[in-house]
Amino acid sequence: MFHERTRVAIIGAGPSGLLLAWALRESGIDAIVVENRSLEYVLARIRAGVLEQGSVETLTRLGLGARLATEGLRHDGIYLQWGGERHRIDFAGLIDRTVTIYGQQEIVKDLVTAHSSVGSTIYYAAQNVAVHDVDSRAPLVTFEHEGESHRVSADFVVGADGFHGICRPAIPADELVVHERTYPYSWLGILADVAPSTDELIYALHEDGFAMHSMRSARVSRLYLQVGPTEKIEDWSDENIWQALQERLGVPGWSLAEGPITEKSITPMRSFVASRLDYGNLFLVGDAGHIVPPTGAKGLNSAITDVTLLAAGIIDHYSGDDTKLAGYGAAALANQWRVQQFSMWMTELLHRDRTDPRTADFDYRSQVGRLDYVSHSVHAQRSLAEQYTGTRF
Ligand code: APR
Ligand code: PHB
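What counts, and where the lines are drawn
Residues numbered from 1 in each chain as written. Chains lettered and ligands numbered in written order. Predicted model: local features only at pLDDT ≥ 70, side-chain atom pairs only at ≥ 80, totals over all residues. Heavy atoms only, no water. Helix = DSSP H or I, 4+ residues; strand = E, 2+ residues; numbered from the N terminus. Rg over C-alpha atoms; globule rule 2.2 N^0.38 Å. Buried < 20%, exposed > 50% of the residue type's maximum accessible area, 1.4 Å probe, protein only. Contact = heavy atoms within 4.5 Å. Areas by Shrake-Rupley, 256 points an atom, 1.4 Å probe, with all protein chains shown as cover. Near = heavy atom within 4 Å. Polar contact = N/O pair within 3.5 Å; in protein donor to acceptor, adjacent residues only side chain to side chain. Domains from an automatic or database assignment. Buried area = accessible area lost by both parts, 1.4 Å probe. Salt bridge = Lys/Arg side-chain N within 4 Å of Asp/Glu carboxyl O. Nonpolar A, V, L, I, M, F, W, Y, C, P; charged D, E, K, R; others polar. Core = buried A, V, L, I, M, F, W, Y, C linked by side-chain atoms within 4.5 Å.

Here we come to the overall build of the protein. Helix and strand counts for the protein come out as 12 helices and 19 strands. Computed over the C-alpha atoms, the radius of gyration of the protein is 22 Å, within 12% of the 21 Å expected from 2.2 N^0.38 for a compact globule of 393 residues. For the protein, the spread of C-alpha atoms along the principal axes amounts to about 65 × 40 × 40 Å. Counting all 393 residues of the protein, 53% fall into the buried class. Within the protein, contacts between residues separated by at least 24 positions form 72% of all contacts whose residues are at least 6 apart in sequence. By element, 50% of the accessible surface of the protein is carried by carbon and sulfur atoms, the whole surface being about 17100 Å².

Below you can see the structure in the form of structure tokens.
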């Protein structure tokens, strides 16, 4: 049995766990990260790629902005498309804010590099990870690593272990309410080795369903299609994917360049919020506490907000002030519900729901009406711009 002591034991080496460990380290607070997947797996996971301006500022402030500054693509707006017409929403012109396109796996890579340069303690491929006594003053984490049993005692345990992790279930069921909503569609996402056919992201509502054109670099495109909730990726040939994308994203005088598809998968859409993000000395950050549907790309950004709030609370705690730590759950949930309503609004604005044939046509026409309103009203555009770029209040 290998015994260790740390101030903060973090479960999960996704963006939330790695960023929290880094932010604490920058303030001289030691942490141990325990991850059940291999480093190779963690580095290869492909997720969204839009950073709010505040997220870019946070990463830069923490010394993680070097590659982001050179390889990130700054976008001053987005396109909304419906009825064969494309309309630009000019964030920079409207509110002087922007977003940056930089894949989540690039942030994870930057964090892994930063941690390994300073020799942080991160256990990958840990088995049987368990948390104990989180409601006491002496919480404990146990796991096996390379055949050895480990026991880590800590002041705090942080659940950064995503939606399927073990930390949220460590809160007694009668202490936690789950607020949840699913959607009757999924996203089929592809990465393709082809230069993007657009300078900024295109979000399109089409009679056949939603489609989006995003990107990862000057040579790699990321595209999404709304598909049915039970569809299987095996049933979508590359040819059929491109055909549907051409159909839904097409506008007169513009063409979508096709290229080899290097990755394709289907992701379900879910909205989920745990009613509390703290329990005793356990704190939840990122997907462990909440999930948004991907429209608007808020998952990573709100995880960064959680980490920023929790890191400030833990740092203050070690200077003798517990005000921020005691307020972490309420502050993170208030931000989260603002993010939830925006993600749901974007999702329901742009997807076709044909579940009920009696309302499907009416809903589609009112979605077009809403898009038409946004494209005409500077107030609606400012509201969209504020929420998309992540203006903090
Ligand atoms: N023990 C240790 N680690 C675990 C366990 C466990 N029992 N269960 C899960 N993990 C790990 C996962 O393998 C993963 O590496 O926790 C990590 C959680 O990472 P993410 O799921 O990426 O969640 P988070 O870091 O909060 O990132 C939020 O990522 O999922 C996207 O859309 C989300 O963009 C958002 C961001
Ligand atoms: C992405 O590039 O993966 C992406 C972009 C915008 C979104 C969601 C995902 O709203």
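Ser16, Glu35, Arg47, Gln104 and Asp287 are the nearest of the 23 residues found near ligand 1. Between Asn36 and ligand 1, the recorded distance is 3.2 Å, taken from a backbone N or O atom to a nitrogen atom. Protein chains shield 89% of the accessible area of ligand 1, which is 700 Å² for the free molecule. Within the residue set of the shell around ligand 1, elements represented by two or more residues are α1 (15-26) and α8 (299-317). It is α8 that contributes the most residues to the shell around ligand 1, three residues altogether.

Another point: the domain arrangement of the protein. Domains assigned within the protein are domain 1 (2-49 + 103-177 + 275-344) and domain 2 (183-268 + 352-389). Taking only C-alpha atoms into account, the centre of domain 1 sits 32 Å from that of domain 2. Roughly 1000 Å² of surface becomes buried between domain 1 and domain 2 when both sides are summed, with 61% attributable to carbon and sulfur atoms. Per-residue buried area on domain 1 facing domain 2 is highest for Ile46, Pro294 and Phe342; these three make up 43% of the total on that side. The interface formed by domain 1 and domain 2 holds zero salt bridges in total. Where domain 1 meets domain 2, there are four residue pairs in polar contact (both at pLDDT 80 or more). Taken together, the residues of the side of domain 1 that touches domain 2 sort by class into six nonpolar, five polar and two charged.

With that out of the way, let us pick up unusual backbone geometry. Its identity as a non-glycine residue notwithstanding, Asn128 has a phi of 50°, on the positive side. On the secondary structure map, Asn128 appears in strand β9 (residues 127-132).

Before going further, it helps to examine the environment of Thr98. Note on placement: Thr98 falls in the loop between α5 (91-95) and β7 (99-101). Residue Thr98 is classed as buried on the basis of its relative accessible area, which comes to 13%. Aside from chain neighbours lying at most four places away, what touches Thr98 is Glu52, Gln53, Arg74, His75, Asp76, Ala92 and Thr389.

Let us now look at the nonpolar core. With 67 residues, the main nonpolar core has Val8, Ile10, Leu51, Val141 and Leu310 as its most contacted residues. Of all the elements, α1 adds the most residues to this core, at seven residues. Setting aside residues no more than four positions away along its own chain, Ile10 makes contact with Gly17, Leu20, Ala21, Ala31, Ile32, Val33, Val34, Val158 and Ala160. Membership of the second largest hydrophobic core comes to 32 residues, among which are Ile89, Ala297, Ala380 and Ala385.

Turning to the site of ligand 2, a few remarks are in order. Surveying the vicinity of ligand 2 reveals 15 residues, the closest of which are Tyr203, Ser214, Arg216, Tyr224 and Gly296. Separating an oxygen atom of ligand 2 from a side-chain N or O atom of Arg216 is a distance of 2.8 Å. Ala297 places a polar main-chain atom, nitrogen or oxygen, 3.3 Å from an oxygen atom of ligand 2. Two domains share the shell around ligand 2, each providing at least three of its residues, namely domain 1 (2-49 + 103-177 + 275-344) and domain 2 (183-268 + 352-389).

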